[in-house]
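So the chains spell out like this:
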Amino acid sequence: MSMSMSESDFSSLSGNGYRNFRQVTRERLLCEMLRNTKAGDSKLTWKVLIMDKVTLKIMSHSCKMSEITGEDVSLVENISKRRQPLPTMLAIYFIQPTKENVVLFLSDMAGKNPLYKKAFVFFSSPISRELINYIKKDSTVLPRIGALREMNLEYFPIDSQAFITYNEDATNDICRDDGDSTKADETLAVMATRIATVFASLREFPFVRYRVAKSLELDTMITYRDLVPTKLAANIWNSLMKYKASIANFPQRETCELLILDRSIDQVAPIIHEWTYDALCHDLLDMEGNKYVHEVPSKTGGALEKKDVILEDQDPIWLELRHAHIADASERLHDKMTKFATKNKAAQIRQASRDGGDMSTRDLRNIVESLPQYNEQYEKLSLHVDIAAKVNKIIRDSELKELGQLEQDLVFGDAGTKEVINFLRTKPDVTSDNKLRLVMIYAAIYGDKFDRDKLKKLMELAKLSLEDMNVVYNMRMLDGSSDTKKTSTRPFTLKFNRNKKKSSFRKDRPGEEVTWQLSRFYPLVEELIEKISEGELSSTDFSCMNDPSPTFHGTSTSAATTWIQPQDAHSVRSRRTGTWARARHSDDGYSSDSTLRHAVTDSLLTRTASELKKRGQRIFVFIIGGATRSELRACHKLTAKLNREIVLGSTSLDDPSQFIKKLKMLSEEDEISIDDIEI
């Protein structure tokens, strides 16, 4: 029984071509786990795949059902549910290494009448020695085990360059200062285990860098939440040290970079309106995850029928347009539909018939020949034309462009309190959600000037509820502030970025032209990734778990720092205006994804295999508390720019409404009132 990956197991993944993060994950599950499970009796080919609720999510994020059944899997079962005995079939268990799962597995395979002929057991993360010994005690089960291994794959790929750990309550668990850190410690332990399995899967050993605890005033104490990146880095480091000692051919020296952050590094990105096709779809439309409900004409001529559509990488139009500015995406869709109508035979003939022309027998035959392809292409195009039209209508009806301009002017220092008050006074029809987001952006940038009078004035103008104001207050928690709660002897203060010496304004990116109006904004993680790539990450703000000396062999656990001093603070540059017009060279981040996509869209690859092999070392960025679609876009964009695969990880991928909901949840057990606020 093998407890780790062998070199032969992993060799099938390396091959001669470049495989991105998601492809490696998919191939490990399909090839290393499903394909390599064989019994001595060659007649036994069909298998049952048994998973728990976590590993089922992993599999569904990584593989299609058709790919799973293509590996001779005839049935997928849940380990916690009662199952029918299939004593002539092989069973593959892909489960978490918990006591509950082990007990269920043993009950399946023990005794005179096991449920399956033979069991191949794959654990998603390292299993304890105690549970291994527990399995070995049952002498009737051991001969029926074909494999007992640690897959070390317990993360959830949501993109070709992104994964989440599904710690959706991480913000709530970590940010509460109730004196008991047990729940927070447990959350960080699970998070670290899942992150570490990413590196086990890819056979990467990273420099583990993390945001350091901020320097606080002498009369305050450091908070648990301010130490979260440090604690997570330490937990990941411990897991990596175990992998170095237990996994065959695991790198003994650093092969990539990992940067651990939390939401304190950028409080604007989760709430500002992002103007790309992907972000606006999730922000403005009533979507459930990536599922969009598309209304299509009924085949019987009745009312419109509703059809669930998944917007994902397998859709080439979505893949092309998702990171494009909404104006650019709309124009591209218009061009595609025009070209389709002029080149497709069925479309031309159908249009001619509408114009009163007679169709010949040859015309009818041409329609029949091209109809299946015509329908498929037309449905894909019409779907996105419909989505873009809905998004643009919401933008017009809600007057979002004016709000979006003010948001970006605030971020770049071109607007302030006066402009915010004027907007709230003259735009009473703006939704309360959008007004809240505007106030949150203002608070994140001008927090040091957010005094009592301005707070009251903004509340009155925006007509925000107390619940909404608690959301603004809770942004302080994400900033790692050590302000005491209202029960303390010290008065509660509402301050943001209190320890930041740098300007909170962004500056325009050098060498990047603002082609589209409202495309000026970028997430701050973009700057950090470029600094890592250039070896210029601040050693004051970010420490490293690895000893950077050339003689390091991976045994030290002391924290060390990088060698470059912090760069100058940001400066505010003059306002630059963009035009809502066609871009000659649109830098929307899509070009990066064209080099790293699923095999279904290989025809769109723009780089040669030899160029892919020359990629630099991977850079991983993990954000505690939820990542944003703008940060995912930045990773795709920088992958192309830096020729290094940038992988984004987080506890979740949040849209603005989800992020605000999390902040509201922080208030449920510790509500404040306006009377409690003292400046």
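Reading the values: rules and limits
Residues numbered from 1 in each chain as written. Predicted model: local features only at pLDDT ≥ 70, side-chain atom pairs only at ≥ 80, totals over all residues. Heavy atoms only, no water. Pairing = 2+ DSSP bridges. Helix = DSSP H or I, 4+ residues; strand = E, 2+ residues; numbered from the N terminus. Axes fitted to C-alpha atoms, helices over the stretch in contact; angles between N-to-C directions. Phe/Tyr/Trp six-rings, centres within 6.5 Å; stacked < 30°, edge-to-face > 60°. Lys NZ or Arg CZ within 6 Å of the ring centre and 35° of its normal. Patch = residues over 30% accessible without salt bridge, like charges linked within 9 Å, V, L, I, M, F, W, Y side chains within 5 Å. Areas by Shrake-Rupley, 256 points an atom, 1.4 Å probe, with all protein chains shown as cover. Salt bridge = Lys/Arg side-chain N within 4 Å of Asp/Glu carboxyl O. Buried < 20%, exposed > 50% of the residue type's maximum accessible area, 1.4 Å probe, protein only. Arc of directions from axis to C-beta. Parallel < 35°, antiparallel > 145°, perpendicular 65-115°, else oblique. Left-handed = near helix turned anticlockwise from the far one by under 90°. Contact = heavy atoms within 4.5 Å. Nonpolar A, V, L, I, M, F, W, Y, C, P; charged D, E, K, R; others polar. Core = buried A, V, L, I, M, F, W, Y, C linked by side-chain atoms within 4.5 Å.

**Examining the sheet that holds strand 3 (residues 86–95)**
The strands making up a sheet are joined through hydrogen bonds of the backbone, oriented either antiparallel or parallel.
Link 1 in the chain: Strand order in the open sheet made by the five strands is 2-1-3-4-5, with parallel pairing throughout. Only two strands of the sheet have a single neighbouring strand rather than two, namely strand 2 (73–78) and strand 5 (145–150). Each neighbouring strand pair of the sheet contributes to a mean axis angle of 20°, computed without reference to strand direction.
Link 2 in the chain: Examined bridge by bridge, strand 1 (residues 47–51) and strand 2 share five bridges and lie parallel to one another. The partner of lysine 47 across the bridge, within strand 2, is valine 73.

**Side note on the packing of aromatic side chains**
Link 1 in the chain: Counted according to the given criterion, the structure contains 15 aromatic pairs.
Link 2 in the chain: Centroid distance phenylalanine 156 to tyrosine 166: 4.7 Å. Interplanar angle 90°. Geometry classified as edge-to-face. Taken together, the residues phenylalanine 156 in strand 6 (residues 156–159) and tyrosine 166 in the loop between strand 7 (162–164) and helix 7 (170–175) connect sequence positions 10 residues apart.
Link 3 in the chain: Over the ring of tyrosine 166 we find lysine 57; its NZ or CZ atom is 4.1 Å from the centre of that ring.

**A look at a nonpolar patch on the surface**
Link 1 in the chain: A surface patch of nonpolar side chains, about 250 Å² in accessible area, is lined by Leu56, Met65 and Val76.
Link 2 in the chain: Looking at the element boundaries, methionine 65 is found in helix 4 (residues 65–69).

**Some points on helix 16 (residues 417–426)**
Link 1 in the chain: Among the residues of helix 16, those classed as buried are Val420, Ile421, Phe423 and Leu424. End-on, the buried residues of helix 16 take up no more than an arc of 160°, which puts them together on one face. Within helix 16, the exposed residues directed more than 90 degrees away from the buried face are Lys418 and Arg425.

**Comments concerning the packing of helix 15 (residues 400–411) against helix 16**
Link 1 in the chain: Contact geometry of helix 15 with helix 16 gives a least axis separation of 10 Å together with a crossing angle of 165°. Classed by the angle they form, the pair helix 15 and helix 16 counts as roughly antiparallel. For the crossing formed where helix 15 meets helix 16, the hand is left-handed. Seen from helix 15, the contacting residues are Glu402, Leu403, Leu406 and Leu410; seen from helix 16, they are Glu419, Val420 and Phe423.
Link 2 in the chain: Looking at the contact of helix 15 with helix 16 residue by residue, the class counts come to five nonpolar, no polar and two charged.

**Structural notes on the nonpolar core**
Link 1 in the chain: By size, the foremost hydrophobic cluster in this structure holds 70 residues, and its most contacted members are Tyr277, Ile387, Val391, Leu410 and Met440.
Link 2 in the chain: Sorting elements by how many residues they give to this core places helix 17 (residues 432–445) first, with nine residues.
Link 3 in the chain: With near-sequence residues (within four places) excluded, methionine 440 lies in contact with Ile271, Val471, Val472, Met475, Ile660 and Leu663.
Link 4 in the chain: Of all hydrophobic cores here, the second largest spans 61 residues; its members include Met33, Leu153, Tyr224 and Ala233.

**Some points on the pairing of strand 8 (residues 206–211)**
Link 1 in the chain: Across the six residues that make up strand 8, a large majority, six, are buried.
Link 2 in the chain: Where strand 8 and strand 9 (residues 256–262) come together, five bridges link them in parallel fashion. Bridge pairing in strand 9 links phenylalanine 207 to glutamate 257.
Link 3 in the chain: Here strand 8 runs beside strand 12 (residues 542–544); their pairing, made up of three bridges, is antiparallel. Within strand 12, the residue paired with tyrosine 210 across the bridge is serine 543.

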